[in-house]
Amino acid sequence: MAILYGIGVGPGDKELLTVKAVRVIQSCDVIVAPSATYGGESIALETAREYIREDSEVVIKHFPMGKKDRVIKALEAYEFIESKLREGKNVAFLTIGDPYVYSTYSHMLKHMKDDGFEVETIPGITSFCAAASLVDRTLVVGNENLVVMPATKIKEITNEKFIVVMKVYKHEEEVLNTLEEKGFDYVYASRVGREGQIVLTDREEILKVRDYMSLIIASRE
């Protein structure tokens, strides 16, 4: 039976794919990658492109940000992948970062498993782990908790000392205000591992950038 591989390609640096991810990508007949905009580029695809065989079929599927449309598009992608699996072709679905961390992959997975297809997931380096290395900052130590949250949940911070704020775009001011009120030291990173990557600690500079591919690592005593 053909296999669907969900492959995390890391934060966007082609040198940060795992050896296993590269090997599986090279073995697959069909490569599917998501794009947030219709007809737009896929960061995951560009990251992995040099490892894809010339004779592999490469397809970009549109996954819009709106929840309703995202479910519809996930179903469309599932139906395409299903047809390829039934043809006996192994399919790689590429995701930026890790397949199980804020990924489009999870929207299709239930369909695949419910219909009895074999699925294998290959982990990738998350953007926040790559960012921690880039800025030379510890994510968490000892017996402390690490909380990873979307920016929309920033007001829910309680006693945490170490946090990662994802999806900061369009929520920068609210996030910074909350972190400062609660005594956090923070660093902002965007486009980690890609051309144009930025690291900032100055509030005003952060508010000028407003990049979709951004996150904040924060901690306090």
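Residues numbered from 1 in each chain as written. Predicted model: local features only at pLDDT ≥ 70, side-chain atom pairs only at ≥ 80, totals over all residues. Heavy atoms only, no water.

(A) Region of interest: the nonpolar core. Counting 20 residues, the largest nonpolar core has Tyr-5, Ile-7, Val-9, Leu-17, Ile-25, Ile-31 and Leu-94 as its most contacted members. Among the elements that line this core, the one with the most residues is helix 1 (residues 19-27), at four residues. Those residues in contact with Ile-31 that sit more than four places away from it in its chain are Ile-25, Leu-45, Ile-52, Ser-56, Glu-57, Val-58, Val-59, Ala-92 and Leu-94. Judged by nonpolar contacts, the second largest core, of 19 residues, contains Leu-4, Val-32, Ala-77 and Tyr-105. (Core = buried A, V, L, I, M, F, W, Y, C linked by side-chain atoms within 4.5 Å. Buried < 20%, exposed > 50% of the residue type's maximum accessible area, 1.4 Å probe, protein only. Helix = DSSP H or I, 4+ residues; strand = E, 2+ residues; numbered from the N terminus. Contact = heavy atoms within 4.5 Å.)

(B) Highlighting the packing of aromatic side chains. Going through the model one piece at a time under the given rule, you end up with three aromatic pairs. Between Tyr-100 and Tyr-105 the ring centres are 5.9 Å apart and the planes differ by 65 degrees, which places this aromatic pair in the edge-to-face class. Judged by centre distance (6.0 Å) and plane angle (80 degrees), the ring pair of Tyr-169 and Tyr-212 falls under edge-to-face. Remark: Tyr-212 occurs in the loop between helix 7 (203-209) and strand 10 (214-219) and Tyr-169 occurs in the loop between strand 7 (162-166) and helix 6 (172-181); sequence separation between them is 43 residues. An aromatic cluster is defined as three or more aromatic residues linked by ring pairs; in this entry it consists of Phe-93, Tyr-100 and Tyr-105. When the ring centre of Phe-80 is taken as reference, the NZ or CZ atom of Lys-61 above it lies at 4.7 Å. (Phe/Tyr/Trp six-rings, centres within 6.5 Å; stacked < 30°, edge-to-face > 60°. Lys NZ or Arg CZ within 6 Å of the ring centre and 35° of its normal.)

(C) A look at unusual backbone geometry. The phi torsion at Lys-167 lies on the positive side, around 55 degrees, for a residue other than glycine. Counting through the fold element by element, Lys-167 comes out in the loop between strand 7 and helix 6. By relative accessible area, Lys-167 is classed as partly exposed at 49%. You will see that Lys-170, though not glycine, has its phi angle at about 75 degrees, which is positive. Tracing the backbone shows Lys-170 in the loop between strand 7 and helix 6. Under the relative-accessibility criterion, Lys-170 is labelled exposed at 62%.

(D) Molecular detail of the side chain of Thr-47. For Thr-47, the position within the fold is in helix 2 (residues 43-48). Setting aside residues up to four positions removed in sequence, Thr-47 forms contacts with Val-9, Gly-12, Asp-13, Lys-14, Leu-17 and Ile-96.

(E) Quick peek at helix 4 (residues 105-114). Along helix 4, the residues that are buried comprise Tyr-105, Met-108, Leu-109 and Met-112. The buried residues of helix 4 occupy one face: seen down the axis, they fall within an arc of 120 degrees. Exposed positions of helix 4 whose direction lies more than 90 degrees from the buried face are Lys-110 and Asp-114. Downstream of helix 4 by one or two residues, Gly-116 has phi in the positive range, about 80 degrees. (Arc of directions from axis to C-beta.)

(F) Spatial organisation of a nonpolar patch on the surface. On the surface, a cluster of nonpolar side chains totalling about 280 Å² of accessible area is made up of Tyr-102, Val-140, Leu-146 and Val-148. Relative to the helices and strands, Leu-146 resides in strand 6 (residues 146-150). (Patch = residues over 30% accessible without salt bridge, like charges linked within 9 Å, V, L, I, M, F, W, Y side chains within 5 Å. Areas by Shrake-Rupley, 256 points an atom, 1.4 Å probe, with all protein chains shown as cover. Salt bridge = Lys/Arg side-chain N within 4 Å of Asp/Glu carboxyl O.)

Everything listed is a geometric property; what it means functionally is a separate question.
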